[in-house]
Amino acid sequence: MLLEASNLKHSVAERTLFTIESLKIENGERIGLVGPNGCGKTTLLKGLAGETVFDKGSVIKHSTCEILPQLKRTDAIKSGGEVTQEYINQALLREPKLLLADEPTTHLDTDHIEWLEQKLKRWKGALVIVSHDRAFLDAVCTKIWELSDEKLNEFKGNYTEYVKQKEIQKRKHETDYEKYEEKKKQLESALKAKEQKAKRATKKPKNISRSEASITGAKPYYAKKQKKLQQVGKSIETRLNKLEKVKKPNEPAELKMTLPNEDRFNGRIMIRTKNLRGTAGSKLLFEANSFYLCGGDKAAVIGPNGSGKTTFIKKLIQADEGIKLSPSLKMGYFSQDLSILNLEKTILENVREGSIQNETLIRTVLARLHFKREDVHKPVKVLSGGERVKVALAKLFVSDINTLILDEPTNFLDMQAVEALESLLKEYKGSIVVVSHDRRFLENVATKVIAIEHKQLKYFDGSYKEYKQYESIENRDMSEDQALILETKISEVLSRLSIEPTEELEREFQRLVEERRKPKGNQS
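Quick caveat: nothing in here was measured; it's all calculated off a predicted structure. (Residues numbered from 1 in each chain as written. Predicted model: local features only at pLDDT ≥ 70, side-chain atom pairs only at ≥ 80, totals over all residues. Heavy atoms only, no water.)

Moving on: the overall build of the protein. When its secondary structure is counted, the protein shows 15 helices and 20 strands. The contacts in the protein between residues at least 6 apart in sequence include a share of 68% that link residues at least 24 apart. As displayed, the protein offers around 29800 Å² of accessible surface, 48% of which is attributable to carbon and sulfur atoms. (Helix = DSSP H or I, 4+ residues; strand = E, 2+ residues; numbered from the N terminus. Contact = heavy atoms within 4.5 Å. Areas by Shrake-Rupley, 256 points an atom, 1.4 Å probe, with all protein chains shown as cover.)

Encoded structure:
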């Protein structure tokens, strides 16, 4: 046992973040901590590390513990990614038994995220990681803690296994709701039938005379029958009131939207490149062969930090030299500065501005992004950073455009919001060009890939998953070619050594043998 905590409770501004009866971390455990923005994930990590004091409860540490903070120091010389890497390396060098990491992939590009995955897989200590990167959690974690509705729930397996278990819970909820509705209707129908029968019991039968009624005692008989029926009715009503209520599961409303120039857009070439070059001052960032994107394509722009992804996006928006846009294309750009929002206006007022969609669709989009009912009347100035990002995306989504240009849209969004955005983008009938380091997001959305590597901008006609498989095969083929070349060189040197041995040839032979011993991928 590395750490155990009990009876934890913590509040912020009279709002309870969480109440946790107990939690334990054992040696070698790999735990992913997930939950919506503002639920208290960072507070929980800091409390476990001893940097924050909980309102109630106790934390007992039986080993060394290191916390990797979310907000790392700024550095005028090093990039954000370099600072993050430095923090990670320093933390692991101290060899704690338990590492608490808050968003360790912040500022890292895809290559460095994969580097971190391998580093943490090899590391022997226990981990608790807060991250919104689902692919990262899948690669590193074997258990998920979900902090939601003020409670901590534990799920075995990685993030994908957690999602499967949540889906089973959801289906059970749907089944329970159907059973509840069926039972409720049965009882309501039975109650109505007894009430109607009780009313009829007061009436004198048509086929009996008044004299016969007085002899047989018809009136008291029917009064007694009515009372009995009313008692049965009350019993049914009691059962109905005691019936355990099941809340109706939320079902996302379908999107039915109209795009501008729809008849001249879908399936036709909207963006074409020729002799495209990206530069930063005198420095060449990339060159590209000719390619095109059609209406309805969803293209992922990928590459290491500094490779020129944002430069490519800007050239696209400005229809710069080397890019030709169709007159039917109407483009909207999402940037991190959120300049399209008016902070003094409400969510609904902001999203309505410039929209060509009807009120129903606008509210549907907002509801899908978890702005429901009265939420839409909140002024934007009171929203968190992640909520403002969602409003900006909603505003762009319903505006007078048919092509979305998105630069890192998932930054600052919690997993629920990212998955909601994915769902909207998959249903969107227009085109999308998106820059992102979120691999799972790209797997779920992208149908084409624009990759910038080694100063070359390359187009791949397939999904992000297909691109990664293709890249893996290509790299494996290159590795096999290198191995074959190496074996050929060794054979040549051996032949020369057998004829005319020299110290120089011997050194060359030893160097080649040493290179052959290196793991694949490290050969130079």
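There is more to say, and it comes next.
Moving on, we get to empty space enclosed by the protein. For the coordinates displayed, the defined rule picks out 2 cavities of 30 Å³ or more. When its volume is computed, the largest cavity comes out at roughly 60 Å³. In terms of lining, the largest cavity is formed by Val-365, Leu-369, Leu-393, Ala-394, Leu-396, Phe-397, Leu-404, Leu-406, Leu-421, Leu-424 and Leu-425. Elements that contribute at least two residues to the lining of the largest cavity include exactly α11 (385-397), β17 (403-407) and α12 (415-427). When residues in the lining of the largest cavity are grouped by element, the largest group, 4 residues, is from α11. For the second largest cavity, the calculated volume is near 40 Å³. Met-270, Ile-271, Leu-293, Cys-294, Asp-297, Leu-329, Thr-403, Ser-431, Ile-432 and Val-433 are the residues that line the second largest cavity. Taken together, the elements giving at least two residues each to the lining of the second largest cavity come down to β10 (269-273), β13 (291-294) and β18 (431-435). Among the elements that take part in the lining of the second largest cavity, β18 stands out by supplying 3 residues, more than any other. (1 Å grid on protein atoms, 1.4 Å probe; cavity = no way out; pocket = protein on both sides within 12 Å on 5 of 7 lines; lining within 4 Å. Points joined across faces, edges and corners; volume = space filled by probe spheres on them.)

Once that is clear, we can look at the packing of helix α2 (residues 80-93) against helix α3 (residues 110-122). In contact at an axis separation of 12 Å, α2 and α3 are set at 5° when each is read in the N-to-C sense. Classified by the angle their axes make, α2 and α3 are roughly parallel. Judged by residue contacts, Gln-85, Ile-88, Asn-89 and Leu-92 of α2 engage His-112, Trp-115, Leu-116, Lys-119 and Leu-120 from α3. Residue classes in the contact of α2 with α3 are distributed as 5 nonpolar, 3 polar and 1 charged. (Axes fitted to C-alpha atoms, helices over the stretch in contact; angles between N-to-C directions. Parallel < 35°, antiparallel > 145°, perpendicular 65-115°, else oblique. Nonpolar A, V, L, I, M, F, W, Y, C, P; charged D, E, K, R; others polar.)

Strand order in the open sheet made by the 3 strands is β13-β10-β15, with antiparallel pairing throughout. Here the strands that pair on one side only, and so sit at the sheet edges, are β13 and β15 (323-325). The average angle at which neighbouring strand axes cross in this sheet is 15°, direction not considered. As paired strands, β10 and β15 are joined by 3 bridges and run antiparallel to one another. The residue bridging Thr-273 from the neighbouring strand is Ile-323, located in β15. (Pairing = 2+ DSSP bridges.)

The next thing to look at is the side chain of Ser-335. For Ser-335, the position within the fold is in the loop between β16 (331-334) and α9 (347-352). Judged by its relative accessible area of 17%, Ser-335 falls in the buried class. Polar contacts involving the side chain of Ser-335 include one to the side chain of Asp-337, which spans 2.7 Å. (Buried < 20%, exposed > 50% of the residue type's maximum accessible area, 1.4 Å probe, protein only. Polar contact = N/O pair within 3.5 Å; in protein donor to acceptor, adjacent residues only side chain to side chain.)

Tallied over the full model, the rule gives 30 salt bridges. The residue Glu-146 makes a salt bridge to Lys-166 at a minimum N-O spacing of 2.9 Å. Residue Glu-146 is located in strand β8 (residues 143-148), and its partner Lys-166 is located in helix α5 (residues 159-200); the two are separated by 20 residues in the primary sequence. Judged by its relative accessible area of 7%, Glu-146 falls in the buried class. One continuous salt-bridge network, built from bridges that share partners, spans Glu-114, Glu-117, Asp-133, Arg-439, Lys-468 and Glu-471. (Salt bridge = Lys/Arg side-chain N within 4 Å of Asp/Glu carboxyl O.)

Attention shifts here to α3. Here α3 spans 19 Å end to end across 13 residues, near enough to the 18 Å set by a 1.5 Å rise per residue. Inspection of α3 places Thr-110, Ile-113, Leu-116, Glu-117 and Leu-120 among the buried residues, and these make up the whole buried set. Projection of α3 onto a plane perpendicular to its axis shows the buried side chains occupying an angular sector of 115°, all on one side. (Expected span 1.5 Å × (residues − 1). Arc of directions from axis to C-beta.)

A word on the packing of aromatic side chains. Applying the stated criterion across every chain, the model contains 9 aromatic pairs. Ring geometry for Phe-155 and Tyr-162: centres 5.0 Å apart, planes at 80°, overall edge-to-face. The exposure class assigned to Phe-155 is buried, which follows from its relative accessible area of 5%. Ring geometry for Phe-286 and Phe-312: centres 6.5 Å apart, planes at 70°, overall edge-to-face. With Phe-286 in strand β12 (residues 283-288) and Phe-312 in helix α8 (residues 309-317), the pair connects residues that are 26 residues apart, well separated along the chain. Residue Phe-286 shares its accessibility class with Phe-312, and that shared class is buried. Linked through ring pairs, Phe-155, Tyr-159 and Tyr-162 together constitute an aromatic cluster. (Phe/Tyr/Trp six-rings, centres within 6.5 Å; stacked < 30°, edge-to-face > 60°.)

One recurring pattern in soluble globular proteins is that nonpolar side chains are buried together. Formed by 50 residues in total, the largest nonpolar core has its most connected members in Val-365, Leu-366, Phe-397, Leu-404, Leu-406 and Leu-425. Per element, the largest residue contribution to this core is 7 residues, and it comes from α11. Leaving out residues up to four positions away in the same chain, Val-365 has contacts with Leu-255, Ala-394, Phe-397, Val-398 and Leu-424. One finds Leu-17, Leu-48, Leu-98 and Leu-100 within the second-largest nonpolar core, a separate group that totals 25 residues. (Core = buried A, V, L, I, M, F, W, Y, C linked by side-chain atoms within 4.5 Å.)

The next point concerns the sheet that holds strand β20 (residues 456-460). Pairing is mixed across the open sheet formed by 8 strands, whose spatial order is β11-β12-β20-β19-β14-β18-β17-β16. For this open sheet the edge positions go to β11 (276-280) and β16, each flanked by a neighbour on one side alone. Averaged over all pairs of adjacent strands, the angle between strand axes in this sheet comes to 15°, irrespective of strand direction. Where strand β19 (residues 448-453) and β20 come together, 5 bridges link them in antiparallel fashion. Paired with Ile-450 across the strands is Tyr-459, a residue of β20. Running at roughly 120° to β11, α8 makes contact with β11, β12, β14 (298-302), β16, β17, β18, β19 and β20 of the sheet.

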